[in-house]
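Coordinate inspection notes
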Amino acid sequence: MTAVEDRPAREANPAATATDRPIGFGRIQRKEDPRFVRGKGNYLDDIVLPGMLHGAILRSPMAHGRIISIDTTEALAHPKVHAVVTGKDLEALNLAWAPTLSADVQAVLATDKVRFQGQEVAFVVAEDRYAARDALELIDVEYEQLAPMIDARKALDPGAPVVRDEMAGRTDNHVFDWEAGDAAETDAVFARADVVVTQEVVYPRVHPAPMETCGAVADYDAVDGKLTLYETTQAPHAHRTLFAIVAGIPEHKIRVVSPDIGGGFGNKVGIYPGYILAVVGSIVTGKPVKWVEDRSENLMSTSFARDYIMTGEIAATREGKILAVRTTVLADHGAFNATAQPTKYPAGFFHIFTGSYDLQAAHCKVTGVYTNKAPGGVAYACSFRVTEAVYLIERMVDVLADELAMDPAELRLRNFIRPEQFPYPNKTGWEYDSGDYEPTMRLAMEMAGYDELRREQAEKRARGELMGIGISFFTETVGAGPRKHMDIVGLGMADGAEVRVHPTGKAVVRLSVQSQGQGHETTFAQIVAEELGIPPEDIDVVHGDTDNTPFGLGTYGSRSTPVSGGAVALAARKVREKAKLIAAAMLEARPEDLEWEKGRWFVTGDPSQGRTMPEISMAAHGTVELPEGVDGNLDAEVTYDPPNLTFPFGAYICVVDVDPGTGYVHVRRFIAVDDCGTRINPMIIEGQVHGGLADGVGMALMELIDFDEDGNCLGGSFMDYLIPTAMEVPDWETGHTVTPSPHHPIGAKGIGESATVGSPPAVVNAVIDALEPYGVRHMDMPCTPARVWAAMQGRATPPV
Amino acid sequence: MQITATVNGTEVTRDVEPRVLLVHHLREELGLTGTHWGCDTSNCGTCVVLLDGQPVKSCTVLAAMVDGHEVTTVEGLADGATLDPVQQGFMAEHGLQCGFCTPGMMLTARALLDRTPHPDEQQIREAISGQICRCTGYATIVRSIQWAADHPAVRTEPTGAQA
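Residues numbered from 1 in each chain as written. Chains lettered and ligands numbered in written order. Predicted model: local features only at pLDDT ≥ 70, side-chain atom pairs only at ≥ 80, totals over all residues.

1. Some remarks on the overall build of chain B
Scanning chain B from terminus to terminus reveals 5 helices and 5 strands. Going from the N terminus to the C terminus, chain B shows its helices and strands as β-β-α-β-β-β-α-α-α-α. Scaling as 2.2 N^0.38, a compact globule of 163 residues should have a C-alpha radius of gyration of about 15 Å, and chain B matches this with 15 Å. For the C-alpha atoms alone, the extent of chain B along its principal axes is close to 45 × 30 × 25 Å. For chain B, the proportion of its 163 residues judged to be buried stands at 61%. A sequence separation of at least 24 residues applies to 66% of the contacts in chain B between residues at least 6 apart. (Helix = DSSP H or I, 4+ residues; strand = E, 2+ residues; numbered from the N terminus. Rg over C-alpha atoms; globule rule 2.2 N^0.38 Å. Buried ≥ 20, exposed ≤ 12 C-beta atoms within 10 Å, placed from the backbone. Contact = placed C-beta atoms within 7 Å.)

Below, the structure is given as structure tokens:
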């Protein structure tokens, strides 16, 4: 294991030539950047097809209401309108309801009732986007307003309004109960513990809000029955299969193209009604139809994140040895259970809430409920709800530290799983692959100057100033499958990759996953480069087109490097082994007598006798007599089924100053030490961490999708849903340790979501630490000035 | 109505609906899709272009308002094959990930450096504070703009921009 503090590479030279760059892992500039800095990216809304029409969706103005009538006469009479589609029209096509990713159904267009503000009611197709919007105002919908079910805490009360009364026999809002761990064993440990602390911890509803909203361009060719669907999707192959199932179009007649994606963060995993409506619009009009949602539609109707009301308990000894944790969770799933997660896990991977600590017992129980709010729940770089789990345990450890009057860093250090305990089976069924937590924590403390910060804090407190230091130590679980345990609507969570080396030694690698900004075109070229010695700039990365890439489940849950990275490395190794056989034939040597150095096979003991990859690839496609069983190419394809998940981890320390007069929180410093195993491109890793840290500051301090008692969404625009700008975040201080995954082909663990998962508790713990003079033991996110002020006055309330 | 504007150094005349926003005019009528759209409320800044050298949010400007004025979009930032130092800086310092906010960020940076060739970190942060990036956490954007300030020699005057 090595421990390093990262420093920005100011000396990076954009004019660097191939010879300056590493062939393989290391810091190189991104291959995708030249088009983006020229404004030549190709995002969904940039796509224009001949004769293309534009769609717009009429949405419900209320949270809960019965549809009495819909009159589309005037809209249809608009000279630029080509079609108006309602739920009744879809019923005739058996398309009014579509299956969700969680074995529920969701209304594509409402037929009987509207169940959340912003729900899809009608779809207009017109000649341009302005006319489509004009026509929405010409549709007359009469509603009977119904009492809304908004407060999840009351969802299971007798007599509560029933959100899903269209389901036969349903008289309540209960979606599921799910538990993990051993309840009896956990209760027994709690019963004999010296100390038990209990705290309700709310992770409020937030939204991924990528800068590019969701959209689709559907192009249905009625002659050959082929649908080409351009979509903002993180999972093009899964979408193709689901569209085949939903729309009844044979799968070989569907091509899903995911162009450049302007940020995803889980927002672009689900299949939204708008995508289906674009397809319907194209079938109905016989022309390509583009639908792009506006920002309010994005925030009010597409996949939200979190919305977990958690009651946590920790049992410990008086000396600070944590013995057990247990929690009950009320999960608000909105009007339809449309969370995108592996089938067996209705609460995602929340049961990693045991964190980074060696425990004797653990138990969690999660209850999901319906409310009159938008569906979703698994998004915003959450690693299938590891965000909620890490927030709970890291907040609870601080509550325990407060109870025991112990330093929160010291309490964590005393309870870490020790390096010799890996692979570590936790008490809820996970096997952590590798870890060495203490050096990571110590590096973060050293970079922060932890002891000096505590001294400074004491001095400031004596002067009445509010300074807080918050710590979070997280363990992620990412890279789902294995496929025998994990599937999305029956599709096993594996990913394919295909590597082809062309005759001249240049290569193409085709992926099933899809970048939303993570830099796949660079990272995956570097993996091939590392394995085959072909420079990254000589390797084309193809993704985001189901007609041209192998099948796989896509990019979310930090799974691209853990799963597709494994597939690419193994496919490249198959190519390398094939190259060895061909090189042996060329050298008239036995394959077992050859040795590999990056980019070249040579005869052991005689390095001058060798063949480079371009020589071998030309021979593979040329006239050299190939060994028996070797066909004339240098290609390989692998579908990688990971044997286990990977468990990245990290130590985060946040320093805040709180204005005692206003409650405003200033994030002064943020120190992040991450361990994602083998590091492919340090520059990209650092960028992934930075972005997640800003997410964490945003959620901890300002981001919130909340509702009034009538169910009106109060976070439905960027004037209300606040996202950090450059003024609210500090210059990040990053470092890293390297503990490779023992089971991954290149030892990489994934980094995409670590910082989003790990940073919110560090910020909130810092705010609460700052408020210690006011006797505040807990307050819920977001720590806005008004809410911090209320906490200082002894009136801390949950946001929901 | 008919408008004539200088867009990236070229005079263009078009008939536009009076209500059409500049962002839609640029993207859909002139085919300059490097300018993006991200919100309805003038908060996100993905649509920033330079109007007579000053950054403006093109979702809050009517196309009709640029009649007789100069507009620079990301497509006008490079001088042929020579990238503006800002563009080079964003590549050198990993100032972009998904690339969606990038054109607006770069144009704001260009206007800042034209006004203040050697900005400090706080000045850079203030300059881009009307724009949102969801990917980078801003530190690398700040470094990218610092890189451009440190490498003015590779600057060539972008066509259509006013100093």
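2. Comments concerning the overall build of chain A
For chain A, the helix and strand inventory stands at 18 helices and 34 strands. Whereas a compact globule of 800 residues would reach a radius of gyration of roughly 28 Å, chain A reaches 27 Å, a difference of no more than 12%. Each of the three principal axes of chain A carries a C-alpha extent, and together these read 80 × 75 × 50 Å. Within chain A, the proportion of its 800 residues that are buried is 60%. Of all intrachain contacts in chain A linking residues separated by at least 6 positions in sequence, the fraction that spans at least 24 positions is 79%.

3. Here we look at the interface of chain B and chain A
Counting residues at the interface gives 43 residues for chain B and 44 residues for chain A. Secondary structure elements with two or more residues in the side of chain B that touches chain A: α2 (85-92), α3 (102-115) and α5 (139-150) of chain B. When residues in the side of chain B that touches chain A are grouped by element, the largest group, 5 residues, is from α2(B). Counted by class, the side of chain B that touches chain A contains 20 nonpolar, 17 polar and 6 charged residues. (Nonpolar A, V, L, I, M, F, W, Y, C, P; charged D, E, K, R; others polar.)

4. Description of the sheet that holds strand β27 (residues 539-542) of chain A
All names here are of chain A. The mixed open sheet is built from 4 strands, whose spatial order is β27-β26-β25-β31. The two strands at the open ends of the sheet, each matched to only one other strand, are β27 and β31 (635-640). This sheet shows a mean twist of 15° between the axes of neighbouring strands, independent of strand direction. Bridging between strand β26 (residues 507-511) and β27 involves 4 bridges; their strand directions are parallel. Looking at the pairing, V509 lines up with V541 of β27. (Pairing = 2+ DSSP bridges. Axes fitted to C-alpha atoms, helices over the stretch in contact; angles between N-to-C directions.)

5. A closer look at unusual backbone geometry
Residue and element names in this part refer to chain A. Cis geometry is found at the peptide bond from G481 to P482, where omega equals 15°. With respect to the helices, strands and loops of the structure, P482 is situated in the loop between β22 (466-475) and β23 (487-488). Cis geometry is found at the peptide bond from M781 to P782, where omega equals -10°. Despite not being glycine, A381 shows a phi value in the positive range, around 50°. For A381, the position within the fold is in the loop between β19 (376-377) and α9 (386-404). For A381, a count of 26 C-beta atoms within 10 Å puts it in the buried group. A positive phi is found at A405, a non-glycine position, where the angle reads about 55°. Looking at the element boundaries, A405 is found in the loop between α9 and α10 (408-415).

6. Points about the domain arrangement of chain B
Residue and element names in this part refer to chain B. Once the domains are mapped, chain B shows domain 1 (2-76) and domain 2 (85-150). The C-alpha-based centres of domain 1 and domain 2 are spaced at 21 Å. Looking at which element gives the most residues to the side of domain 1 that touches domain 2, the answer is strand β3 (residues 48-51), with 3 residues. In terms of residue class, the side of domain 1 that touches domain 2 is made up of 7 nonpolar, 10 polar and no charged. (Domains from an automatic or database assignment.)

7. Some details on the packing of helix α16 (residues 682-701) of chain A against helix α17 (residues 754-770) of chain A
Residues and elements named next belong to chain A. Here α16 crosses α17 at 40°, and the two axes come no closer than 7 Å. For the element pair α16 / α17, the angle class is oblique. You can see that α16 and α17 cross each other, and the crossing is right-handed. Side by side, α16 and α17 meet where V689, G692, L693, D695, G696, V697, M699, A700 and L701 of the first sit next to S754, A755, T756, S759, P760, V763 and V764 of the second. In terms of residue class, the contact of α16 with α17 is built from 10 nonpolar, 5 polar and 1 charged. (Parallel < 35°, antiparallel > 145°, perpendicular 65-115°, else oblique. Left-handed = near helix turned anticlockwise from the far one by under 90°.)

8. Topic: the nonpolar core
In this structure, A:V124, A:V509, A:V528, A:V568 and A:V767 are the most contacted members of the largest nonpolar core, which totals 308 residues. Sorting elements by how many residues they give to this core places helix α14 (residues 560-587) of chain A first, with 13 residues. Residues lining this core come from more than one domain, with at least three contributed by each of domain 1 (2-76) and domain 2 (85-150) of chain B. Those residues in contact with A:V568 that lie beyond four places of it in its chain are A:A497, A:V499, A:V509, A:F524, A:I527 and A:V528. (Core = buried A, V, L, I, M, F, W, Y, C linked by C-beta atoms within 7 Å.)

9. Thoughts on the sheet that holds strand β3 (residues 65-71) of chain A
All names here are of chain A. Spatial ordering of the open sheet is given by β7-β3-β9, a layout of 3 strands whose pairing is antiparallel. Single-partner strands in this sheet number two, and they are β7 (113-114) and β9 (140-145). Across 2 bridges, the pairing between β3 and β7 is antiparallel. The partner of G65 across the bridge, within β7, is V114.

10. Regarding the pairing of strand β8 (residues 120-126) of chain A
All names here are of chain A. Where burial is concerned, most of β8 is hidden: 7 out of the 7 residues are buried. As judged from the 6 bridges shared by strand β2 (residues 53-59) and β8, these two strands associate in the antiparallel manner. If you follow H54 over to β8, its bridge partner there is A126.

11. Overview of the confidence of the model for chain B
All names here are of chain B. When pLDDT is averaged across chain B, the result is 94; 94% of the residues are at 70 or more. Contacts from residues 156-163, a stretch scored under 50 in pLDDT, to residues over four places away or in other chains number 30 contacts. Reported confidence for the predicted complex is 0.96 by ipTM and 0.96 by pTM. (pLDDT = per-residue confidence, 0-100.)

12. Comments concerning the packing of α3(B) against α5(B)
Residues and elements named next belong to chain B. Running from N to C, α3 and α5 cross one another at 40°; their axes reach a closest spacing of 11 Å. By the angle between their axes, α3 is oblique relative to α5. In this structure, α3 meets α5 at a crossing whose hand is right-handed. Note on element contacts: α5 touches α3 through I141, I145, A148 and A149, opposite M105, A109 and L113. When the residues that make up the contact of α3 with α5 are grouped by side-chain class, the tally is 7 nonpolar, no polar and no charged.

13. Considerations on the pairing of strand β33 (residues 665-675) of chain A
Residue and element names in this part refer to chain A. Along β33, 8 of the 11 residues are buried, which leaves the element largely enclosed by surrounding structure. Alignment of strand β32 (residues 649-658) against β33, held across 10 bridges, turns out to be antiparallel. Bridge assignment links V658 to a residue of β33, and that residue is V665. The loop that links β32 with its antiparallel partner β33 comprises 6 residues; one of these, G663, has a positive phi angle of about 80°. Pairing of β33 with strand β34 (residues 733-737), which is carried by 4 bridges, proceeds in the parallel orientation. Within β34, the position partnered with V673 by the bridge is G735. As a crossover connection, the stretch from β33 through α16 into β34 is right-handed. (Right-handed = clockwise from strand over helix to strand, strands pointing away.)

14. Here's the deal with the environment of A:I67
Examined against the element boundaries, A:I67 turns out to sit in strand β3. For the pair A:I67 and A:E498, spaced 431 residues apart in sequence, the C-alpha to C-alpha distance is 50 Å.

15. Here we look at the confidence of the model for chain A
Per-residue pLDDT for chain A has a mean of 96; in total, 97% of the residues score no lower than 70. Within the model, pLDDT remains below 50 along residues 7-18 of chain A, and this stretch shows 12 contacts once partners closer than five positions in the same chain are excluded.

16. A few points about the environment of B:K57
All names here are of chain B. Secondary-structure assignment places K57 in strand β4 (residues 54-57). On the neighbour-count criterion, K57 (23 C-beta atoms within 10 Å) is buried. Each C-alpha atom, one on K57 and one on L22, is 8.9 Å from the other, the two residues being 35 residues apart in sequence. Once residues lying within four places of it in the same chain are set aside, the contact partners of K57 are S42, G45, C47 and V48.

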